[in-house]
Amino acid sequence: TDLTADGEFVTFNTGRNFTTTSPYANIADGNGAGIEIGNGDINLVTPQTNKITMKAGQILMESLDDTTKAIELKTNAGSSETIEIINTQGTATNAITLTASAGGIDMNALLDSAFTVSGASNSLTLETTGGTSKVIVTSAGTNADAIDINSNGGIDVDANGGVTIDAVQNIDATTTTGDISLTAS
């Protein structure tokens, strides 16, 4: 047989496939159901334009191999592809959380990218908490505005230590309506 059931798990036997021609294939039990593969991979394949839908009280995924790409989510069908992670109703400040408990987070993009906070009176915070840690903003651009800081209001820079500004060329400070003040106390 292709599969056996013992009341707790549905077991796919070695080298066998489970196929259905009906709209749905249900594996159900009042106390829950499990699919266990003793040795081999599980492939869920649907023709193009069809979907794989999962619904549950919680959806939890955990990898067991100590390897690179232990969990990979990838698209590879065309230039119109997008990947969306959406929390529809959560209102907490951590409604979506990315956590690397023992390492870093590396985000790379080929085109222009944006982090936007659209709620009025809300903030975007970049923060380090270590004693000698740094926030580093770097641009490889060579144009005059390679790093561009704009504000509809003011800009407030506070430091418990010194402030150092180094430039190879001129340093220009311009105000259109007010004064420029440098004060030592």
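Residues numbered from 1 in each chain as written. Predicted model: local features only at pLDDT ≥ 70, side-chain atom pairs only at ≥ 80, totals over all residues. Heavy atoms only, no water.

**Focus: the overall build of the protein chain**
Next up, step 1: Within the protein chain one finds 0 helices and 3 strands.
Next up, step 2: Among the 185 residues that make up the protein chain, the fraction classed as buried is 2%.
Next up, step 3: A sequence separation of at least 24 residues applies to 18% of the contacts in the protein chain between residues at least 6 apart.
Next up, step 4: Total accessible area on the protein chain stands at roughly 19,000 Å², and carbon and sulfur atoms take up 48% of it. (Helix = DSSP H or I, 4+ residues; strand = E, 2+ residues; numbered from the N terminus. Buried < 20%, exposed > 50% of the residue type's maximum accessible area, 1.4 Å probe, protein only. Contact = heavy atoms within 4.5 Å. Areas by Shrake-Rupley, 256 points an atom, 1.4 Å probe, with all protein chains shown as cover.)

**Examining a nonpolar patch on the surface**
Next up, step 1: Together, L126, V135, V137, I147, I149, I155, V157, V163, I165 and I171 make up an exposed nonpolar region whose accessible area comes to about 1,100 Å².
Next up, step 2: Mapped onto the fold, I171 is located in the segment after β3 (34–36). (Patch = residues over 30% accessible without salt bridge, like charges linked within 9 Å, V, L, I, M, F, W, Y side chains within 5 Å. Salt bridge = Lys/Arg side-chain N within 4 Å of Asp/Glu carboxyl O.)

**Some remarks on the environment of A146**
Next up, step 1: For A146, the position within the fold is in the segment after β3.
Next up, step 2: For A146, a relative accessible area of 27% corresponds to the partly exposed category.
Next up, step 3: Ignoring anything within four residues of it in the chain, the contact list for A146 reads S139 and G141.

**Re unusual backbone geometry**
When glycine is set aside, most residues are seen to have a negative phi, and most peptide bonds are trans.
Next up, step 1: Phi is positive for T49, which is not a glycine, with a value near 80°.
Next up, step 2: In this structure, T49 sits in the segment after β3.

**Details of the confidence of the model for the protein chain**
Next up, step 1: Summing up the model confidence of the protein chain, the mean pLDDT is 85 and the portion of residues at 70 or higher is 79%.
Next up, step 2: Confidence, expressed as mean pLDDT per element, reaches its minimum in the protein chain at strand β1 (residues 3–5) with 55 and its maximum at β3 with 66. (pLDDT = per-residue confidence, 0-100.)

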